[in-house]
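Below, each chain spelled out in residue letters.
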Amino acid sequence: MTTTRANIQEVLSGLEGLGQATGNTRPAVDPGKRYNAASGLEEAIHRAATTADYDAWLDHTASAAGCSRPIQLRGESHIVSERTGRIISTRHTDDMPDGVIYKACGNRRAAVCPSCAETYRGDTYQLVLAGLTGGKGIPASVRQHPCAFVTFTAPSFGPVHSARKTRGRDGQLRNQICRPRRKPDPCPHGIDQRCSQVHRDGEKILGTPLCLDCYDHDHQVVWNALSGELWRRTMERAKDTLRSWAKKHRVTLKLSYGKVAEMQSRGVAHFHALLRLDGTNPLDPGLLVVPHLAADFTLLAAAVRHAVETTRFRSLPHPDKPDGWLIHWGQQLDVKPVRQAVDGVITETAVAGYLAKYATKGAEATGHSSARLTNATVNRYATEHTHAGRLVDACWRLGRPGSDLDPGQAAKNSGRLSYKRLRLWAHMLGFGGHFSTKSRQYSTTLKALREARANWRRERHRTAEHTGDTETTLIVGNFTYANTGWRTIGDALLASTAAAKAREHRRIARDEIEALSLEDPS
């Protein structure tokens, strides 16, 4: 056994937080519980003490370390010569630690897998920032393009508890009374619509209707389902406006964007977007160039406002609503310029971090969190006593079989206008769009960022016998699904601890590099 006493001590120090949480004395293991701190700690120590090559196991699980539920794959990988097609070597998972390959689940939701969500957040940050400052295949000249940070809101579907904020004389934001009224304001169901409380950020009551019966849950889930179509039509309207202006001034313009959806506490999606004006080169239409000087932020803001105010449509006929529901934006529209300055304006890094943060959120802000719902599980969440429960019930009820009165129209464009999508996305309260999207020319892609990370890991793990090879090779894998999750809670603790230490080392290295750059500007 190659594991030494020092290795065991390192494991114990890495799990120090867990030991403190369970007390100073050795906690008793409860055999009736599948997961508890005591059994997990003992399993971790047993893995570190009995594994023949513990360092090899850590290295093998490093790519999925920190993932809550990694995917286990079984099969073999081949190193193939790209020039001749000859298989140079083959390795089967039976010869690897645990007999499987661990692959991170890749879930973007922080409530499901914090580690994979952090990776997704970092990729989104780099993608958004590249579209603002250049890099990763985007020219640095995009810094000179007019750019706006826009927040698109949903309409009101009924009064809800909120933390209204106003800015005082000192410039600080302060929460105000929720719904101040001098006289009683009863709804048709007899519930007073006043609220004299000052709600703090994060309170569970935020986003909940003052009257569940008055709130239009049906309209909200349909809006969520069709918000992606509303966004598409809005961007087309904005592009038409810019195209007309460009034709009149004999110039060419393109509108590029990066967008992130945020689920509000009331269970409806808002969109935060970076909109950028690009010029085009007649000799090379794919080349990004600085637009004409007259095409400034004022033009961009006017085109966006006009598109938001004029874009609206009705959903397809439904048995419960033959005329369909009106789909349009809310009254609140925030359009701000993005510049490289520090006095009261938005900087590129701040915007990128803001969008990346919301890219990892889901429906958890409403108090609802679940996997995809089925007939067997929907009754656990579709309750009449909570706001989120009524939203889930509305999705399931409106998306029932036969809800599309015009099947031909509903089937067009991959069924994006069909009510059947409501049941498919009931766990997301009807919202089935991507939480992070972009136009083609805005920036690089998440796929390119992931491939670059995979290539870096591949080079880092290249074996010693292949480091001197000059022949270009390919790695071809043939794997099948084996299982989901770690084998034991102890393995999960060890992998998470190793990942946390690696992140801390990278953070310290970044801080030291930044400190050196400040000391020596040259």
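Residues numbered from 1 in each chain as written. Predicted model: local features only at pLDDT ≥ 70, side-chain atom pairs only at ≥ 80, totals over all residues. Heavy atoms only, no water.

(A) Quick peek at the nonpolar core. Ranked by internal contacts, the top residues of the largest apolar core, which has 62 residues, are Phe152, Val222 and Leu275. For this core, the element with the most residues is helix α6 (residues 217-248), which contributes 12 residues. Not counting chain neighbours up to four residues away, the residues in contact with leucine 275 comprise Pro146, Cys147, Ala148, Val150, Phe152, Trp231, Met235, Leu255, Ser256, Tyr257, Leu300 and Val304. With 17 residues, the next largest nonpolar core counts Leu129, Phe149, Ala359 and Leu446 among its residues. (Core = buried A, V, L, I, M, F, W, Y, C linked by side-chain atoms within 4.5 Å. Buried < 20%, exposed > 50% of the residue type's maximum accessible area, 1.4 Å probe, protein only. Helix = DSSP H or I, 4+ residues; strand = E, 2+ residues; numbered from the N terminus. Contact = heavy atoms within 4.5 Å.)

(B) Main features of the packing of α6 against helix α9 (residues 387-398). The geometry of α6 relative to α9 is characterised by a closest axis approach of 9 Å and an angle of 70 degrees between their N-to-C directions. Our classification of the angle between α6 and α9 gives roughly perpendicular. Where α6 crosses over α9, the two elements pack in a sense that is right-handed. Mapping the contact onto sequence places His217, Asp218, Gln220, Val221 and Val222 in α6 and His387, Arg390, Leu391, Ala394, Cys395, Arg397 and Leu398 in α9. Taken together, the residues of the contact of α6 with α9 sort by class into 6 nonpolar, 3 polar and 3 charged. (Axes fitted to C-alpha atoms, helices over the stretch in contact; angles between N-to-C directions. Parallel < 35°, antiparallel > 145°, perpendicular 65-115°, else oblique. Left-handed = near helix turned anticlockwise from the far one by under 90°. Nonpolar A, V, L, I, M, F, W, Y, C, P; charged D, E, K, R; others polar.)

(C) Inspection of unusual backbone geometry at higher detail. The backbone of aspartate 98 sits at a positive phi, close to 70 degrees, despite the residue not being glycine. Within the element layout of this structure, aspartate 98 appears in the loop between β2 (87-92) and β3 (101-103). Located in the positive-phi region is asparagine 413, a residue other than glycine, with phi close to 55 degrees. One can find asparagine 413 in the loop between α10 (407-411) and α11 (421-424).

(D) Quick peek at the environment of glutamate 364. The topology assignment puts glutamate 364 in the loop between α8 (348-358) and α9. Among the residues examined, glutamate 364 registers a relative accessible area of 24% and is labelled partly exposed. Taking the C-alpha atoms as reference, glutamate 364 lies 8.3 Å from serine 265; in sequence the two are 99 residues apart. Leaving out residues up to four positions away in the same chain, glutamate 364 has contacts with Arg109, Ala111 and Ser369.

(E) Representation of α9 within the structure. Between the first and last C-alpha of α9 there are 16 Å, a value that for 12 residues agrees with the 16 Å anticipated at 1.5 Å per step. Burial analysis of α9 places 10 of its 12 residues in the buried class, which makes it a mostly covered element. Taken as a whole, α9 has its buried residues at His387, Ala388, Gly389, Arg390, Leu391, Val392, Ala394, Cys395, Trp396 and Leu398. The residue sitting at the N-terminus of α9 and contributing the capping side-chain oxygen is threonine 386; that oxygen lies 3.0 Å from the backbone nitrogen of glycine 389. (Expected span 1.5 Å × (residues − 1). Polar contact = N/O pair within 3.5 Å; in protein donor to acceptor, adjacent residues only side chain to side chain.)

(F) Broad picture of the pairing of strand β8 (residues 269-281). Counting buried positions over the 13 residues of β8 gives 12, a clear majority of the element. Bridge analysis of strand β4 (residues 147-152) against β8 gives 6 bridges, and the strand direction is antiparallel. Its bridge partner lying in β8, cysteine 147 is registered against arginine 276. Direction of pairing for strand β7 (residues 253-263) relative to β8: antiparallel, over a ladder of 11 bridges. Residue pairing across strands places lysine 259 opposite alanine 273, the latter belonging to β8. Following β7, the chain reverses through 5 residues before pairing antiparallel with β8; glycine 267 in that reversal takes a positive phi of roughly 90 degrees. Examined bridge by bridge, β8 and strand β9 (residues 284-289) share 3 bridges and lie antiparallel to one another. Among the inter-strand pairings, threonine 280 is bridged to a residue of β9, identified as leucine 288. Between β8 and β9, which pair antiparallel one after the other, the connecting turn spans 2 residues. (Pairing = 2+ DSSP bridges.)

(G) Inspection of the packing of α6 against helix α7 (residues 297-310) at higher detail. Put simply, α6 and α7 touch, their axes get as near as 8 Å, and they point 135 degrees apart. The angle between α6 and α7 places the two elements in the oblique class. Judged by the sense of rotation from one axis to the other, the crossing of α6 with α7 is right-handed. Contact residues: α6 offers Thr234, Arg237, Ala238, Thr241, Leu242 and Trp245, while α7 offers Leu299, Ala303, His306, Ala307, Val308 and Thr310. Here the residues of the contact of α6 with α7 are counted per class, giving 7 nonpolar, 4 polar and 1 charged.

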